[in-house]
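Examination of the molecular architecture
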Amino acid sequence: MTRYIIKRILSGVFTIWVTTMAVTLLIHLVPGDPVQIMFAQSQSTTPEQLEQIRHQLGLDRPIYEQYILYMGRVLQGDFGNTIRGNQPVLDLLLGRLPNTLLLAFSSLVITILIGVPTGFFAAYKRASWVDTTLMTGAIIGISIPSFWLGLMLMYVFSIRLGWLPVAGTDFKNLILPALTLGLANAAAVSRLTRSSMLDSLSQDYTRTARAKGLGEGVVLSRHAFPNGVINVVNMLGLQFTHMMGGAIVVENVFAWNGIGRLAIQSIFQRDYPTIQGFILIFASVVVSVSIFLDILYVWLDPRISYD
C-alpha cells in the first residue's frame, strides 16, 4: 500500500511539473506580442513602459531561462503580481480558492445524495417504469448545459418565487450554484451506480446470500451495495474534476466569488500572470483530490493490486 501511495504521489508531482511547463509556454502560444495585447486598449502606455513590463515578466529572456526563473519563483511561493492592480497573484488566488472548493464539495455532496440512491433504486427496480423514468431523467440531466440549468434555477427560485438571492457569496447564495453543478453530475453518477449495482446483484455472492435465507434488506445493504458502490468512488474523482471545470461557468452565472470567476476576468483583461497562477493552482487541486480518491478506491477494494 505504501509503495502504491508513493507511486501515485510521484505521478501527481510529474503531472504538476508538466503543467508548469505548459504555463510557461502559455504566453508564447498567443499570436503577436503578449504585452501589446495586454495593453491594447490603453492609449497612454508608452513603448518604454511596455518594454519595462516585458522585462518585468521576463519575456526578454530565452524561454528556457524564463522557465527556470518561473520555477524558482514558484518554489518560493511567488507567482508574480497581477498586471491590473499589481497585487500578489498567489494571495489573490488563495483568497478565492476556498469559495471554489466550497462550491465543488457542496456540489459533490448533492451529487452523491441524489445520484447514488436513484441509481441504486433504478437497479433494484430493473426494467420497471421506475427504472425507465429515473434513467430518462438522468439522460436529460446529462444533456442539459450547466449554464442553462443555472439560469432556469435562477429564474424559478430567485425571480419568480423570490426564495433565494440571485448572486453573492453568503450561504444562501451557495444553494443555487451547488444545485446547478450537483444535479448535472448526479445524472452521470446515477447511471454508473445503476450499472454497478446490476452487476453486483448478478454476482454469486449475492445469490449465495439469498440462498442462505438472508432478508432482502441484509442482502442489499451488506453484500450488493458495498461491492456495487466501489466503482462509483472512482467515478467521483472524474466528477470532481468536472465540477471544478464547471465551476468556472457557474461562478460567472451566479457571481460567485471564486477562482473561476477570477480566471474569466483575467482572460478578458489579458492578465497573464493571474491566468498562469490559476492554471497551476487548479491543476494542483485536481491532482491532489484524484490521488486521494485513488487511494480510497484501493482501500475499499482489496482485490486491486498495488503494483
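How each quantity is defined
Residues numbered from 1 in each chain as written. Predicted model: local features only at pLDDT ≥ 70, side-chain atom pairs only at ≥ 80, totals over all residues. Heavy atoms only, no water. Helix = DSSP H or I, 4+ residues; strand = E, 2+ residues; numbered from the N terminus. Buried < 20%, exposed > 50% of the residue type's maximum accessible area, 1.4 Å probe, protein only. Contact = heavy atoms within 4.5 Å. Areas by Shrake-Rupley, 256 points an atom, 1.4 Å probe, with all protein chains shown as cover. Lys, Arg positive; Asp, Glu negative; His and termini not counted. Charge placed at Lys NZ, Arg CZ, Asp CG, Glu CD. Axes fitted to C-alpha atoms, helices over the stretch in contact; angles between N-to-C directions. Parallel < 35°, antiparallel > 145°, perpendicular 65-115°, else oblique. Left-handed = near helix turned anticlockwise from the far one by under 90°. Nonpolar A, V, L, I, M, F, W, Y, C, P; charged D, E, K, R; others polar. Patch = residues over 30% accessible without salt bridge, like charges linked within 9 Å, V, L, I, M, F, W, Y side chains within 5 Å. Salt bridge = Lys/Arg side-chain N within 4 Å of Asp/Glu carboxyl O. Core = buried A, V, L, I, M, F, W, Y, C linked by side-chain atoms within 4.5 Å. Phe/Tyr/Trp six-rings, centres within 6.5 Å; stacked < 30°, edge-to-face > 60°. pLDDT = per-residue confidence, 0-100.

Let us now look at the overall build of the chain. Helix and strand content of the chain: 13 helices and 0 strands. Along the chain direction, N to C, the helices and strands of the chain fall in the order α-α-α-α-α-α-α-α-α-α-α-α-α. By principal-axis analysis of the C-alpha atoms, the chain measures approximately 85 × 55 × 30 Å. Here the chain holds 307 residues, and the buried ones make up 43% of them. Considering only intrachain contacts with a sequence separation of at least 6, the fraction spanning at least 24 residues in the chain is 75%. Only carbon and sulfur atoms are counted for the fraction: they give 64% of the accessible area of the chain, which is about 16,400 Å². Side chains of the chain carry 21 positive and 17 negative charges; the gap between the two charge centres is 12 Å.

Angle between the axes and distance between the axes: these two values describe a pair of packed helices. At their nearest, the axes of helix 6 (residues 129-143) and helix 8 (residues 171-201) sit 8 Å apart, and the two run at 135 degrees to each other. Classified by the interaxial angle, the pair formed by helix 6 and helix 8 is oblique. Where helix 6 crosses over helix 8, the two elements pack in a sense that is left-handed. For the pair formed by helix 6 and helix 8, the contact residues are Asp-131, Met-135, Ala-138, Ile-139, Gly-141 and Ile-142 on the first element and Ala-184, Ala-187, Ala-188, Ser-190, Arg-191 and Arg-194 on the second. Here the contact of helix 6 with helix 8 is built from residues that sort into 7 nonpolar, 2 polar and 3 charged.

This paragraph deals with a nonpolar patch on the surface. A surface patch of nonpolar side chains, amounting to about 590 Å² of accessible area, comprises Tyr-155, Val-156, Ile-159, Leu-161, Trp-163 and Val-166. Along the polypeptide, Tyr-155 turns up in helix 7 (residues 146-160). The class of Tyr-155 is partly exposed, set by a relative accessible area of 40%.

Judged by nonpolar contacts, the single largest core of 28 residues is most densely connected at Phe-79, Leu-93, Phe-240, Met-244, Phe-278, Ile-281 and Val-285. Of all the elements in the fold, those that place two or more residues in this core are helix 4 (63-75), helix 5 (89-124), helix 11 (230-253), helix 12 (259-269) and helix 13 (272-300). The element best represented in this core is helix 13, accounting for 8 residues. Beyond its immediate sequence surroundings of up to four residues, Val-285 is in contact with Leu-97, Leu-101, Phe-240 and Met-244. Within the second largest apolar cluster, 14 residues are counted, among which are Leu-103, Leu-176, Ala-178 and Phe-254.

Let's shift gears to the pattern of salt bridges. Under the definition given, this model contains 1 salt bridge. Taking the shortest distance from any N to any O, the salt bridge between Arg-194 and Asp-131 comes out at 2.7 Å. Placement of the pair is Arg-194 in helix 8 and Asp-131 in helix 6, with a sequence separation of 63 residues. Of the two residues examined, Arg-194 and Asp-131, each falls in the buried class.

A word on the packing of aromatic side chains. For the coordinates displayed, the defined rule picks out 3 aromatic pairs. When the ring of Phe-14 is compared with that of Trp-17, the centres are 5.7 Å apart and the planes differ by 45 degrees; the resulting orientation is tilted. Highlighted residues: Phe-14 and Trp-17, both in helix 1 (residues 2-29), separated by 3 residues, approximately one helical turn.

Topologically, Ile-53 is positioned in helix 3 (residues 47-56). It is 8.8 Å that separates the C-alpha atoms of Ile-53 and Ile-83, two residues lying 30 residues apart in sequence.

What follows deals with the confidence of the model for the chain. Averaged over every residue, the pLDDT of the chain is 79; the share at 70 or more is 91%. Within the chain, no element has a lower average pLDDT than helix 2 (residues 34-38), which sits at 66, and none a higher one than helix 5, at 87.

The next thing to look at is unusual backbone geometry. Unlike most non-glycine residues, Ala-255 shows phi in positive territory, near 55 degrees. Along the chain, Ala-255 turns up in the loop between helix 11 and helix 12. Accessibility expressed as a relative area gives 22% for Ala-255, which makes it partly exposed.

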